[in-house]
Amino acid sequence: WTPTKMWRRLGVAMCAAPPVAMSKGSMMDRGSIERVNPSTLPTTAHFGFSQVTVAPAGARLVHVAGQYGADARGDLAATYAEQVELAFGNLLRALEAVGAGPEDVVKITILSVDHDAEKQRLVSSWRKRTWPAGTQPASTLIPVPRLAVDGMVFEIDAVAVATAPSP
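Predicted, not measured: the structure shown is a model, and the values here were computed from it. (Residues numbered from 1 in each chain as written. Predicted model: local features only at pLDDT ≥ 70, side-chain atom pairs only at ≥ 80, totals over all residues. Heavy atoms only, no water.)

### Brief notes about the packing of aromatic side chains
(1) Moving on: As enumerated under the stated definition, the model contains four aromatic pairs in all.
(2) Moving on: An angle of 25° between the planes, with centres 6.0 Å apart, marks the rings of Phe88 and Phe154 as stacked. With Phe88 in helix H2 (residues 80-97) and Phe154 in strand E7 (residues 154-162), the pair connects residues that are 66 residues apart, well separated along the chain.
(3) Moving on: By relative accessible area, Phe88 is classed as buried at 1%.
(4) Moving on: Of the residues examined, Phe154 reaches a relative accessible area of 0% and is grouped as buried.
(5) Moving on: Clustering of aromatic rings is evident, with ring pairs tying together Tyr80, Phe88, Trp126, Trp131 and Phe154.
(6) Moving on: The ring of Trp126 has Arg129 sitting right over it, with the charged end atom 4.0 Å from the ring centre. (Phe/Tyr/Trp six-rings, centres within 6.5 Å; stacked < 30°, edge-to-face > 60°. Helix = DSSP H or I, 4+ residues; strand = E, 2+ residues; numbered from the N terminus. Buried < 20%, exposed > 50% of the residue type's maximum accessible area, 1.4 Å probe, protein only. Lys NZ or Arg CZ within 6 Å of the ring centre and 35° of its normal.)

### Description of the packing of H2 against helix H3 (residues 117-130)
(1) Moving on: Contact geometry for H2 and H3: axes closest at 11 Å, N-to-C directions at 25°. As summarised for this structure, H2 and H3 are arranged roughly parallel, according to the angle between their axes. The crossing of H2 and H3 is right-handed. Residue-level inspection shows Tyr80, Ala81, Val84, Glu85, Phe88 and Leu92 of H2 in contact with H3, the latter providing Lys119, Leu122, Val123, Trp126, Arg127 and Thr130. (Axes fitted to C-alpha atoms, helices over the stretch in contact; angles between N-to-C directions. Parallel < 35°, antiparallel > 145°, perpendicular 65-115°, else oblique. Left-handed = near helix turned anticlockwise from the far one by under 90°. Contact = heavy atoms within 4.5 Å.)

### Some details on the nonpolar core
(1) Moving on: Membership of the largest hydrophobic core comes to 25 residues, with the highest contact counts inside it found for Phe154 and Ile156.
(2) Moving on: Broken down by secondary-structure element, the contributors of at least two residues to this core are strand E4 (60-68), H2, strand E5 (105-113), H3 and E7.
(3) Moving on: The greatest single-element share of this core, amounting to six residues, is contributed by H2.
(4) Moving on: Sequence-distant contacts of Ile156, that is, excluding residues within four places in its chain, are made with Ala65, Gly66, Gln67, Ala87, Phe88, Leu91, Ile108, Thr109, Ile110 and Trp131. (Core = buried A, V, L, I, M, F, W, Y, C linked by side-chain atoms within 4.5 Å.)

### A word on unusual backbone geometry
(1) Moving on: Look at Asp114: it is not a glycine, yet its phi comes out positive at around 50°.
(2) Moving on: Note on Asp114: relative accessible area 54%, which makes it exposed.

### Quick word on the sheet that holds E4
(1) Moving on: Strand order across the open sheet formed by four strands is E4-E7-E5-E6, with mixed pairing between neighbours. On the outer flanks of this sheet lie E4 and strand E6 (138-144), each paired with one strand and no other. Direction aside, neighbouring strands of the sheet carry axes that sit 10° apart on average.
(2) Moving on: Alignment of E5 against E7, held across seven bridges, turns out to be antiparallel. Following the sheet pairing, Ser112 is matched in E7 by Phe154. (Pairing = 2+ DSSP bridges.)

What follows is the structure, encoded as structure tokens:
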């Protein structure tokens, strides 16, 4: 039994990511992460994520803590849009620190203060920019009333897979 066999038995269309140019230090062939968008679930590609991702057997899990919109000194950006941009950049720097790239990510969780349609469009734009079609991770977005630090309005964490040790 494997998840792939189960999905095929249920008649679910599989969407394995094709190999893509790997970022410097990227750890695995993109084709080994399965990205599944069952026809029995709503389409999510326009929001920039997949419904299901499956990590390959033997992969090493990388957990990136919530990254938020602050610079290396910890100074928060002033606006929601600036915090989103910095948070996505911080996420990519965290992945790079262990030799991974965005294509290694299988799951993200986003926390957004006072979330609305305008913020949704911005977040979706950043997800699609970071993860082009065929590389999109599973995603959960949770609207929240506040985050850990006064003025923090956006946070993103990630789970990635790796087959090689950190650099």
